[in-house]
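# Coordinate inspection notes
Here's the letter readout for the chains.
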Amino acid sequence: MSMAGRAGSRGRAAQAALHLGLVLACLAVLLPILWVTRVAVVPASMSYAPGLLPELSGENFEALFAGRFPRSYVNSLIVAAGSVALAMPFAVTLGYAFARFGTAGRAGRFAVLATQMLPPVALVLPAFAILRSLGLTNSLPGLVLVYGALNLPFLTWIMMGFFKGIPVDLEWAAMSDGATAGQAFRIVVLPTALPGMAAAAVLGFILSWNEFLFALVLSGPRTATIPVALAGLQTSNGVQIGTVAAGVVLAVLPLIVASRFIQRFIVEGLTFGAVK
Amino acid sequence: MARITLDRVSRVYAGGALGVQDISLDVADGEFLVLLGPSGCGKSTTLRLIAGLEEVTSGRISIGDRDVTDLRPRDRNLAVVFQSYALYPTMTVRANIGFGLRMRGMPASEIAARVDQAAALLGLTPYLDRKPAVLSGGQRQRVALGRAIVREPEAFLLDEPLSNLDAQLRAEMRAELVRLHRSLGRTIVHVTHDQVEAMTMGDRICILRAGRIEQVGAPLEVYASPANMFVARFLASPPMNFLPARLEAGAAPALVLAPGVAWPVPPAHAEAWGRAAGRPVMLGLRPEDFHLEPAPGRIACALAVTAVEALGPETIVTGDLVAVPGLASLKARLGRGQVPRPGESLTLHADLTAAHLFDPATEAVIPRPSVPQPVRSA
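The rules we used
- Counting restarts for each chain, with residues numbered from 1 along the sequence as it is written.
- Labels are handed out in written order, letters beginning with A for the chains and numbers beginning with 1 for the ligands.
- Under the rules for a predicted model, residues below a pLDDT of 70 receive no local features and side-chain atom pairs below 80 are neither given nor counted, while totals for whole chains, interfaces and linings still include all residues.
- With hydrogens and water excluded, all non-hydrogen atoms of the structure serve as input to the side-chain values.
- The numbering of helices and of strands both runs from the N terminus, where a helix is a DSSP run of H or I of at least 4 residues and a strand a run of E of at least 2.
- Only C-alpha atoms enter the radius of gyration, while the globule expectation follows 2.2 Å times N to the 0.38, with N the number of residues.
- For each residue, the accessible area found with a 1.4 Å probe, counting protein chains only, is set against the maximum for its type, and the residue is called buried under 20%, exposed over 50%, and partly exposed in between.
- Positive charges are assigned to Lys and Arg, negative charges to Asp and Glu, while His and the chain termini are left out of the count.
- Just so you know, the charge point we use is NZ for Lys, CZ for Arg, CG for Asp and CD for Glu.
- Here a polar contact means two N or O atoms within 3.5 Å. Within protein one must be a hydrogen donor candidate and the other an acceptor candidate, and residues neighboring in sequence count only if both atoms are side-chain atoms.
- Residue contacts are defined here by distance: any two heavy atoms, one from each residue, within 4.5 Å place the two residues in contact.
- Think of a patch as exposed residues, more than 30% relative accessible area, with no salt bridge, where like charges cluster within 9 Å and nonpolar side chains (Val, Leu, Ile, Met, Phe, Trp, Tyr) cluster within 5 Å.
- Per-residue and other accessible areas were derived by the Shrake-Rupley procedure at a 1.4 Å probe size, with only the shown protein chains allowed to occlude residues.
- Any Lys or Arg side-chain nitrogen located within 4 Å of an Asp or Glu carboxyl oxygen qualifies as a salt bridge.
- Axis definition: a line fitted to C-alpha atoms, limited for helices to the stretch in contact. Angles are taken between N-to-C directions and run from 0 to 180 degrees.
- Angles are sorted into four bins: roughly parallel if under 35 degrees, roughly antiparallel if over 145, roughly perpendicular if 65 to 115, and oblique for all others.
- Left-handed describes a crossing whose near helix is turned anticlockwise from the far helix through less than a right angle; right-handed describes the clockwise counterpart.
- For this classification, the nonpolar set comprises Ala, Val, Leu, Ile, Met, Phe, Trp, Tyr, Cys and Pro, the charged set comprises Asp, Glu, Lys and Arg, and every other residue, Gly included, is treated as polar.
- Classification of ring pairs uses Phe, Tyr and Trp, with its six-membered ring standing for Trp, and accepts pairs whose centres are within 6.5 Å; under 30 degrees between planes counts as stacked, over 60 as edge-to-face, and the remaining range as tilted.
- Lysine NZ or arginine CZ positioned within 6 Å of the ring centre and within 35 degrees of the ring normal marks a charge as sitting over the ring.
- Residue ranges assigned to each domain were obtained from an automatic or database domain assignment.
- Using a 1.4 Å probe, buried area is obtained as the accessible area two parts lose upon being combined, added over both of them.
- At least two DSSP bridges between two strands are required for those strands to pair.
- Definition of nonpolar core: a set of buried residues of the types Ala, Val, Leu, Ile, Met, Phe, Trp, Tyr and Cys, connected through side-chain atoms within 4.5 Å.

## Some details on the overall build of chain A
Across its full length, chain A carries twelve helices and two strands. For chain A, the succession of helices and strands along the chain, N to C, is α-α-α-α-α-α-α-α-α-α-α-β-β-α. Here chain A has a C-alpha radius of gyration of 24 Å; the compact-globule value for 276 residues is 19 Å, and the former is much larger. Based on the C-alpha atoms only, the size of chain A along its principal axes is roughly 80 × 70 × 30 Å. By the burial criterion, 41% of the 276 residues in chain A qualify as buried.

## Quick look at the overall build of chain B
The secondary structure content of chain B amounts to nine helices and 21 strands. Referenced to the eigenvectors of the C-alpha coordinate spread, the extents of chain B come out at roughly 80 × 45 × 40 Å. Burial status across chain B gives 53% buried among its 378 residues. Chain B carries 40 positive and 38 negative side-chain charges, and their two centres are separated by 4 Å.

## A short note on the side chain of A:Glu211
Residues and elements named next belong to chain A. With respect to the element layout, Glu211 can be found in the loop between helix H9 (181-210) and helix H10 (213-218). Looking at Glu211, its side chain comes within polar contact range of the main-chain nitrogen of Ala215, at 3.1 Å. Once you skip the residues sitting within four places of it in the chain, Glu211 turns out to touch Tyr147, Thr225 and Pro227.

## What about a nonpolar patch on the surface?
There is a patch of nonpolar side chains on the surface, built from A:Leu20, A:Val23, A:Leu24, A:Leu27, A:Val29, A:Leu30, A:Leu31, A:Ile33 and A:Leu34 and spanning about 840 Å² of accessible area. With a relative accessible area of 55%, A:Leu20 lands in the exposed category.

## Some points on the pattern of salt bridges
One pass over the structure, following the stated rule, counts 27 salt bridges over all chains. Where A:Asp177 meets B:Arg147, a salt bridge forms, and the shortest distance between an N and an O atom there is 3.7 Å. Taken as a pair, A:Asp177 in the loop between helix H8 (168-176) and H9 and B:Arg147 in helix H4 (residues 137-149) lie in two separate chains rather than in one. Among the residues examined, A:Asp177 registers a relative accessible area of 5% and is labelled buried. When the shortest N-O distance is used, the salt bridge between B:Arg204 and B:Glu31 registers 2.5 Å.

## A short note on the packing of helix H2 (residues 93-103) of chain B against helix H3 (residues 108-122) of chain B
Residue and element names in this part refer to chain B. Relative to each other, H2 and H3 sit at 130 degrees, their axes nearing to 9 Å. As far as their axial angle goes, H3 and H2 are oblique. Handedness of the H2/H3 crossing: right-handed. Two secondary-structure elements touch here, H2 through Arg94, Ile97, Gly98, Leu101 and Arg102 and H3 through Ile111, Arg114, Val115 and Asp116. Partitioned by chemical class, the residues of the contact of H2 with H3 number four nonpolar, one polar and four charged.

## Some details on the packing of aromatic side chains
By convention here, two paired aromatic rings are described through the distance between centres and the angle between planes. One pass over the structure, following the stated rule, counts twelve aromatic pairs over all chains. Aromatic pair A:Phe65 and A:Phe69: ring centres 6.5 Å apart, planes at 90 degrees, arrangement edge-to-face. Under the relative-accessibility criterion, A:Phe65 is labelled partly exposed at 47%. What links up through ring pairs into an aromatic cluster is the set A:Phe65, A:Phe69, A:Tyr73, A:Phe205 and A:Trp209. The ring centre of B:Tyr88 lies 4.4 Å from the NZ or CZ of B:Arg147, which sits over that ring.

## Thoughts on the packing of helix H6 (residues 120-134) of chain A against helix H7 (residues 140-164) of chain A
All names here are of chain A. Orientation of H6 relative to H7, taken along the N-to-C sense of each, is 140 degrees, at an axis distance of 11 Å. Classed by the angle they form, the pair H6 and H7 counts as oblique. In this structure, H6 crosses over H7, and the sense of that crossing is right-handed. Contacts from Leu123, Ala127, Leu131 and Leu134 of H6 reach H7 at Gly142, Leu145, Val146 and Leu150. Here the contact of H6 with H7 is built from residues that sort into seven nonpolar, one polar and no charged.

## A word on the domain arrangement of chain A
All names here are of chain A. You can read the domains of chain A as domain 1 (3-60) and domain 2 (67-268). When each unit is reduced to the centre of its C-alpha atoms, the spacing between domain 1 and domain 2 is 33 Å. Facing seven residues of domain 1, the contacting portion of domain 2 comprises seven residues. In this assembly, domain 1 packs against domain 2 so that about 560 Å² is buried in total across both faces, 79% of it on carbon and sulfur atoms.

## Structural notes on the interface of chain A and chain B
Counting residues at the interface gives 21 residues for chain A, matched by 27 residues for chain B. Carbon and sulfur atoms supply 63% of the area buried between chain A and chain B, which totals about 2200 Å² over both sides. Taken together, chain A and chain B are joined by two salt bridges. A salt bridge links A:Asp177 to B:Arg151, with the shortest nitrogen-to-oxygen separation between them at 2.9 Å.

## Description of the sheet that holds strand S14 (residues 280-285) of chain B
Residue and element names in this part refer to chain B. Strand order in the open sheet made by the six strands is S13-S12-S11-S14-S20-S21, with antiparallel pairing throughout. Taken across any chain shown, the strands that pair with only one partner, and hence form the sheet edges, are strand S13 (261-264) and strand S21 (365-366). Across two bridges, strand S20 (residues 356-358) lies against S21 in antiparallel orientation. Bridge pairing links Leu357 to Ile366 in S21.

## With respect to the pairing of strand S12 (residues 254-258) of chain B
Residue and element names in this part refer to chain B. The buried count for S12 comes to four of five residues, which makes it a mostly enclosed element. Where strand S11 (residues 241-248) and S12 come together, three bridges link them in antiparallel fashion. Looking at S12, one finds that Arg246 is bridged to Val256. Linking two consecutive strands that pair antiparallel, namely S11 and S12, is a turn of five residues; a positive phi of about 135 degrees is found at Gly250 within it. As judged from the four bridges shared by S12 and S13, these two strands associate in the antiparallel manner. The residue bridging Val256 from the neighbouring strand is Ala262, located in S13.

## Regarding the nonpolar core
Of all hydrophobic cores here, the largest spans 80 residues; its most connected members are A:Phe163 and B:Leu25. Aside from chain neighbours lying at most four places away, what touches B:Leu25 is B:Ile4, B:Thr5, B:Leu6, B:Leu33, B:Leu35, B:Cys206, B:Ile213 and B:Val216. Membership of the second largest hydrophobic core comes to 43 residues, among which are B:Leu101, B:Ile111, B:Leu165 and B:Ile207.

What follows is the structure, encoded as structure tokens:
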């Protein structure tokens, strides 16, 4: 065998090993999801039965919809969307001030992240106490408020990053073109930052959508979100694994849609074409 | 009237970093002034101070008869073109060009007419409905210019507008900017680090270093009479050669480069340079002051050639003086077809009547006839 041939076969072996590794890694990520999907679409009695797809059935979804799940789905949508809508205006303005004017200094910018550094358990009791004094426990507005506050630091930092990526020349150009600082922000900077705002909003939505601890403590039976509702299916009679699986499948759907959006926004880039 | 006056303007940044210091400059109405200097010299800062995008720490700025020091950028009626072009990425070319008019509340029909006119002038008509992202560098540059022109401002401030273009396009845009200046007749302040732009475009050049003005004057005047070694070095490429020497007085004054190597001072300069007699000086000779042909007054010197850059129209030769090894590396500019080889010994003839003497301590020129006193500011 020639040198080139040996090198070629060694190259192919390395390629094959690489792809085998990639396939295994993909399986490690995908198998649980695929298995949950499988459990969701087979009859409850066959949840643990051998075989890939012994029988297809919608009974798990029927059981799910017969219970409180539809309500918790709507609750989750309201809470996730509401908290993002509440936090974004603050995150955008704060992020812009941080990025452009260095407001609050480096220490102040890190202080904003303080709540993210504490374990959530340490925050949930103060949050409960505050909501109780406001009479907002067991209510969706209460959850929106708390999730908004939890999202704010994180969204602020994301927005700060995006605003830092927008050249200050754009604002300078707008201002020497006759805009006030406020107009330059509204007419030039905000539209340019729109993809970043969308990406941040989607990330905030996902965080709120999946949050469990605060929802468990702060919500009541009528205001439970999806994670709480699914946890409620683990009853003293055992875990209704088929129904849980059906709930998980439905809970993940919006996230898959959302992550497609995020990708597009981030790949599209932020200021492409503004500067060479 | 758009005469721009800077009166002892300084800009100090938080933390004490110096932007510009004590700049006094007078740009005449309709003048094309080039601010030239290496990066970090304060030329862009000066432009932003005029535009109002940065606040002065001290000093006053006026445009025409108005003191604009405390006015917002929008109230100064200047147009700025940025190096990055700073086109609004979410708007079409049409909206970009019309933005300034929209901000001033002009009726839509008049905006449309003016935008169309500017687009036609700059050859942008086919691209009016496109976004900046799909335009080429040259087209973006034109949009940025269009955005400035359409407003009919009192003056244009251009911050390295050509530096992102390739060489050929840059040459075209240089000519186009000069043409625009002539047809619009407005004051232009143009920032650049490119000596060719400075020499070919400006009515006057203002050379800055480390936040201070080094010299102001017409391009050829500054070239012929640099005020100091920095200007002499910066304004041409390759820069002026500097040879450390000692000026010996006497019946026949001479520049002594080394024991036994003395170049006679041209009689025309003897009196002026005599003031520096007995002191160390820096002899400045431009690469184009070396010639292959001897002539009366030229001083023959042998050069050990170390490098040759044949550019076609000219050849840049680098070498050491054979008589004084290790004194300084010299560059000489030879004509077309004169291409020596590295390692060769080449006899050149230096024209000392074109030379300058500088004080090595202060780097300032030692004035001589036909060299007017350096202009500190206008």
